[in-house]
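Chains, contacts and geometry: an overview
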Amino acid sequence: DRRSPMRASPKPSERGGQSGIALFMVIASIAVLSVLVTEFVYVTQSNSKIAYDAVDRVRAHYLAKSAFKLSLLRLRAFQHVRGFLATLGKGAPGGLGIPRGIADKIWSFPFFYPIPTNIPGLTPSDRDRIEKFQNDSSIEGKFTAIIESESSKFNLNQILAAFAPQSTPSPAPSPDPSPLPGAPEPSPIPTFNPEDARSSLKQFLGNLLAAKADSDEDFADEYRDVRVDELTDHIVSWAERNYESGAANRNPVPLKRAPFYSVSELHMIAAMDDGLYQVLAPSLTASTTPGINVNTIKDSTLGALVPGITKEEIKAFYKYRDDPETDNSFKNEEEFYAYIADKVAAFKGSPQAISQYKADLIKRNLRIVVEESLFKISVDAQIGSANRRIEAWVTVGEDTGSRIKGAPGLADPV
C-alpha cells in the first residue's frame, strides 16, 4: 500500500530564521545601493564643480586680459596727451597752468571694477550713470588694474655692467651741434666701475633701512644686528657671475649667477627675510630704467637718494611737487638740484655740497630723469573662486609705441 509522503511543516523557529536572512539581505542591498547612489551624486557634483571652476578660470583669464588691454589704452592716451602738451610749449595758448600731475592721473589712478559708487563728492546722477553702465555691460566678476612707475625705483641689476646707464645707446647727433640758449647741459655718462656700483647699492639699502629704523622702533630693535655689507654681498653674489665671496657657501640655495628677473628673487637670499623684504622691495626694481624719476619718486626712495634730508623736508618736497594749483614738476634735473640746494638744510648755502652730490651720483651710476617711460601693469581678476593675475612691464617711447615684457601671449606692440 503506497502512501503519499507527507511534508512536514516548518517549525516556527525555522520560519523566523528565514525571515531574518531575507531582511538582512534587503537591508544589505539597500545599504549598497545607498553607497552607490551617494558616490554617484558626489562624483556628479564634483565633476560639475570642476567644470564650472574651469569655466570660471577661463573667464577670469579673459577678464584679466581685458583689464590689461584697458591699461594699455590708458598708457596710449597718456602718451598722446603728453605729446600734445609738449607741442604747446611754454607761453602757448592753453599751455600754462596745466600741472603735469593732471596728465599723470591718466595712468597713475588705480582702476577698479565694479566701479565704486561711494566716492565722496559723487553726485546721485553720476551714481545712477555708473550703475546703469555696470548693469548694461553684463560683466561678471571684479578686477583691479594698477599702473606703477618703475623709474621711481632703484635698479637691482645696476650692479652689472650690461645694465648700467652707460650701456644705453646715445641718440644720433643733431646736425647742429650747438646747444640751444639756456638749455641744461646733459649729464656726463660715467664709466662703469663694479666697486662703485656695489657701494651704491650698499648705500641705498643702508639709507632705506636707516629711514625705517628711525620711524619704527620695533623694526630698529628686531633688525639692529643686520649688516648691510653682508646683505649687499649676498645680493651681488646672486647676480654677478664672477664675483668671489663667501656668500656662496652660506646661501642654502645655489646662486643664480645671472641678472635679477624679478625683485621677488630676493627671497632666495640667505640674509633676507620677510621683514627686510617688505621694507626694501617697494623701492627696488629688476627692470632696466633710464634713471630715477624725481617726478614719480616715492618717499622711501627719496630719503635713500638724498642724504641728510629730513622727514619734514620730504613732506615739504611732495607738497611742493604735487601742488594741484601750480605745475611744480621738475622739467629737467637741474631744477631738482636747485630745489635740493634751496630747501634741504644739508645742502643749503653750500654750492660745494651740491657739486659733490652730483659727482657722487655720477660715480654711483645714478641718473636723475623727469619723464616716465617704463611702467609696471598689475591686474588681478576674480570670477567666483577663480583668480587670475597678470604682470607686465611696458616701455612707452615718444613715437615708437609700447614694448611689453612679462605677459606671455600679450607681448604684441600696441
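Structure: above.
The rules behind the values
Residues numbered from 1 in each chain as written. Predicted model: local features only at pLDDT ≥ 70, side-chain atom pairs only at ≥ 80, totals over all residues. Heavy atoms only, no water. Axes fitted to C-alpha atoms, helices over the stretch in contact; angles between N-to-C directions. Helix = DSSP H or I, 4+ residues; strand = E, 2+ residues; numbered from the N terminus. Parallel < 35°, antiparallel > 145°, perpendicular 65-115°, else oblique. Left-handed = near helix turned anticlockwise from the far one by under 90°. Contact = heavy atoms within 4.5 Å. Nonpolar A, V, L, I, M, F, W, Y, C, P; charged D, E, K, R; others polar. Phe/Tyr/Trp six-rings, centres within 6.5 Å; stacked < 30°, edge-to-face > 60°. Buried < 20%, exposed > 50% of the residue type's maximum accessible area, 1.4 Å probe, protein only.

1. Side note on the packing of helix α11 (residues 333-343) against helix α12 (residues 351-363)
- At a closest axis distance of 11 Å, the pairing of α11 and α12 adopts a crossing angle of 135 degrees. It follows from the interaxial angle that α11 and α12 lie oblique. The two elements α11 and α12 cross, and the hand of that crossing is right-handed. On α12, the residues touching Glu 334, Phe 336, Tyr 337, Ile 340 and Ala 341 of α11 are Ile 354, Tyr 357, Lys 358 and Leu 361.
- Residues that form the contact of α11 with α12 fall into these classes: seven nonpolar, no polar and two charged.

2. Observations concerning the packing of helix α4 (residues 194-215) against helix α6 (residues 228-239)
- With their axes 9 Å apart at the nearest point, α4 and α6 run at an angle of 130 degrees to one another. One way to sum up the angle between α4 and α6 is to call them oblique. In this structure, the crossing between α4 and α6 has a hand that is right-handed. Taken together, the residues of α6 that come into contact with α4 (itself represented by Arg 198, Leu 201, Lys 202, Leu 205, Gly 206 and Leu 209) are Val 228, Asp 229, Leu 231, Thr 232, Ile 235 and Val 236.
- Its residues assigned to classes, the contact of α4 with α6 comprises seven nonpolar, two polar and three charged.

3. Looking at the packing of aromatic side chains
- This structure, assessed with the given rule, holds 18 aromatic pairs.
- Residues Phe 78 and Trp 107 carry aromatic rings whose centres are separated by 6.3 Å and whose planes lie at 70 degrees to one another, so their mutual orientation is edge-to-face. In this pair, Phe 78 sits in helix α1 (residues 12-88) while Trp 107 sits in helix α2 (residues 100-108), placing the two residues 29 residues apart along the sequence.
- Looking at Phe 78, the relative accessible area reads 4%, which means it is buried.
- Looking at Trp 107, the relative accessible area reads 5%, which means it is buried.
- Note on Phe 347 and Tyr 357: the rings are 5.3 Å apart at their centroids and 55 degrees apart in plane angle, and the pair reads as tilted. Taken together, the positions of Phe 347 in the loop between α11 and α12 and Tyr 357 in helix α12 put the pair ten residues apart, joining distant regions of the chain.
- Through successive ring pairs, a cluster of aromatic residues spans Phe 317, Tyr 318, Tyr 320, Phe 330, Phe 336, Tyr 337, Tyr 339, Phe 347 and Tyr 357.

4. Looking at unusual backbone geometry
- The peptide bond linking Tyr 113 to Pro 114 adopts the cis configuration, its omega dihedral lying at 5 degrees.
- For Pro 114, the location among the structural elements is in the loop between β1 (111-113) and α3 (124-137).
- One non-glycine residue with positive phi stands out, namely Ser 138, at about 60 degrees.
- With relative accessibility at 59%, the residue Ser 138 sits in the exposed group.
- At Asn 365, a residue that is not glycine, the phi angle is positive and equals roughly 60 degrees.
- For Asn 365, the position within the fold is in the loop between α12 and β6 (368-369).
- Residue Asn 365 is classed as buried on the basis of its relative accessible area of 1%.

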